[in-house]
Each structure stands twice: as structure tokens, then as C-alpha cells.
Amino acid sequence: MNKILVIVGCIVLSGCSADLSTLQNGHLVSESYAKNMRTKCVFDINPNIEYQYLKPLKAAKGSYGSVSRVMPKFLNNADRVGANTVVNFQGSQRFGFWPWRIVRPVIYGTGVNWKGKSDLECKALGGRVYAVESNRRVYDITNYIGE
């Protein structure tokens, strides 16, 4: 019984935050190639910008995994509603009801249309810029903008 509690405790403690560090690194993408990808600006807060509210967004995985594995699905959901920016972003591990959903990654945010969106301004305001290559690949290019 104690071994089971230790194992469950390790699983819970290992995945309780939004770890986006396992996303594809932006330096793997050449600058010219990244310009051909669509980009999304993501803010953890509600920034002081003028935007049009579109829809609340949510993406999740049915079983244990990393938040970064759900990020492509989340950004594609933002595309479907026509959002070029996401505000109030939250990603974390959540407890599920069923035993196989002990801990699962869930991402929340609000899709908005920021008329004056630019990747440089997004970075300057404290947001993160993601380049979306496909339904399965997302690159964090925040640190490589403006170099």
C-alpha cells in the first residue's frame, strides 16, 4: 500500500505545472522558414491592448502527458475560431475522474483577434510567440525574434 502511495505521489508532484520547455526549440527553424509559418501570440495575463473577444478555448489530453503535447491542438483550436492571439493562458496538470485519468494536461485561454498584432510587440509586452508548422509541430520562437 505504501508503495502505491509513493508512486501516485511521484506522478502528482512531477506534473503539476505548465511545462512548455519540451516544445520544439525555435533555433531549429531557419528565419526564412519561420516567416512562412503562421504565428500565435500567447499571454498569461490580460494585456493592455485593444482586441476583439472571440471565444474561450480549451484543449486536453485524455491521459497522463505533458502540457506541451497539447499545445498544437490548442493553437489549432485558436485558428478555427479566427484568433491570432490568446490571452489568460493557463496550462497545468488536472485530476480526472476515472482511474486512468489520474493526472492529465489541460490548457485554457481566451481566443482574441488583436488587430495590431506583431511578433515584436508581442514579445515586448511579455507574451510568447509560437510558430505553428502543422497539427503536430509548434516552435517557441520568442527568444529568436528581432535578432
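Above this note sits the structure.
Residues numbered from 1 in each chain as written. Predicted model: local features only at pLDDT ≥ 70, side-chain atom pairs only at ≥ 80, totals over all residues. Heavy atoms only, no water.

(A) View of the state of the cysteines. Inspection of every chain in the model, using the stated rule, returns 1 disulfide. Covalent S-S linkage joins Cys41 and Cys122, the inter-sulfur distance amounting to 1.9 Å. One quick way to see it: the torsion about the S-S bond of Cys41 and Cys122 is about 90 degrees, and its sign makes the bridge right-handed. Of this pair, Cys41 sits in strand β2 (residues 38-42) while Cys122 sits in helix α4 (residues 119-124); the two residues are 81 residues apart in sequence, bridging distant segments of the chain. Across the pair, exposure class does not vary: Cys41 and Cys122 are buried alike. (Disulfide = S-S within 2.5 Å. Helix = DSSP H or I, 4+ residues; strand = E, 2+ residues; numbered from the N terminus. Buried < 20%, exposed > 50% of the residue type's maximum accessible area, 1.4 Å probe, protein only.)

(B) Up close: the side chain of Asn77. Relative to the elements of secondary structure, Asn77 occurs in helix α3 (residues 71-80). Relative accessible area serves as the criterion here: at 15%, Asn77 is assigned to the buried category. Among residues more than four places away in sequence, those in contact with Asn77 are Leu57, Lys58 and Ala59. (Contact = heavy atoms within 4.5 Å.)

(C) Quick peek at the packing of aromatic side chains. Applying the stated rule across the entire model yields 2 aromatic pairs. Their ring planes at 70 degrees and their centres at 5.8 Å tell us that Phe74 and Phe89 sit as a pair that is edge-to-face. In this pair, Phe74 is assigned in helix α3 and Phe89 in strand β4 (residues 85-95), connecting sequence segments 15 residues apart. As far as the burial class goes, Phe74 and Phe89 line up, both buried. (Phe/Tyr/Trp six-rings, centres within 6.5 Å; stacked < 30°, edge-to-face > 60°.)

(D) Quick look at the pattern of salt bridges. Per the stated rule, a full pass over the model turns up 4 salt bridges. Linking Asp79 and Arg38 is a salt bridge whose minimum nitrogen-to-oxygen distance equals 2.3 Å. Taken as a pair, Asp79 in helix α3 and Arg38 in strand β2 lie far apart in primary sequence, 41 residues in all. Under the relative-accessibility criterion, Asp79 is labelled partly exposed at 26%. Ionic pairing is found between Asp44 and Arg128, a salt bridge with its closest N-O pair at 3.1 Å. Of this pair, Asp44 sits in the loop between β2 and β3 (51-60) while Arg128 sits in strand β6 (residues 128-132), placing them 84 residues apart in sequence. Take Asp44: its relative accessible area is 44%, and that puts it in the partly exposed class. One network of salt bridges, with partners in common, ties together Arg38, Lys40 and Asp79. (Salt bridge = Lys/Arg side-chain N within 4 Å of Asp/Glu carboxyl O.)

(E) Spotlight on α3. Extensive coverage of α3 is indicated by the burial of 7 of its 10 residues. All of the buried residues in α3 are Met71, Pro72, Phe74, Leu75, Asn76, Asn77 and Ala78. Summarising the contacts, the buried residues of α3 are in contact with β2, β3, β4, β5 (103-114), β6 and β7 (138-140). Of the residues one or two after α3, Gly82 is the one with positive phi, at around 85 degrees.

(F) Spotlight on the environment of Cys122. A relative accessible area of 0% means that Cys122 is categorised as buried. Sequence-wise, Cys122 and Phe43 are 79 residues apart; in three dimensions their C-alpha atoms are separated by 8.3 Å. Apart from residues lying up to four places away in sequence, Cys122 is in contact with Cys41, Val42, Phe43, Trp114, Gly127, Arg128 and Val129.

(G) Up close: the side chain of Lys40. Along the chain, Lys40 turns up in strand β2. Of the polar contacts made by the side chain of Lys40, one reaches the side chain of Asp79; its length is 2.4 Å. Residues in contact with Lys40, not counting those within four places in the same chain, are Leu75, Ala78, Asp79, Ala83, Asn84, Lys117, Arg128, Val129, Tyr130 and Val132. (Polar contact = N/O pair within 3.5 Å; in protein donor to acceptor, adjacent residues only side chain to side chain.)

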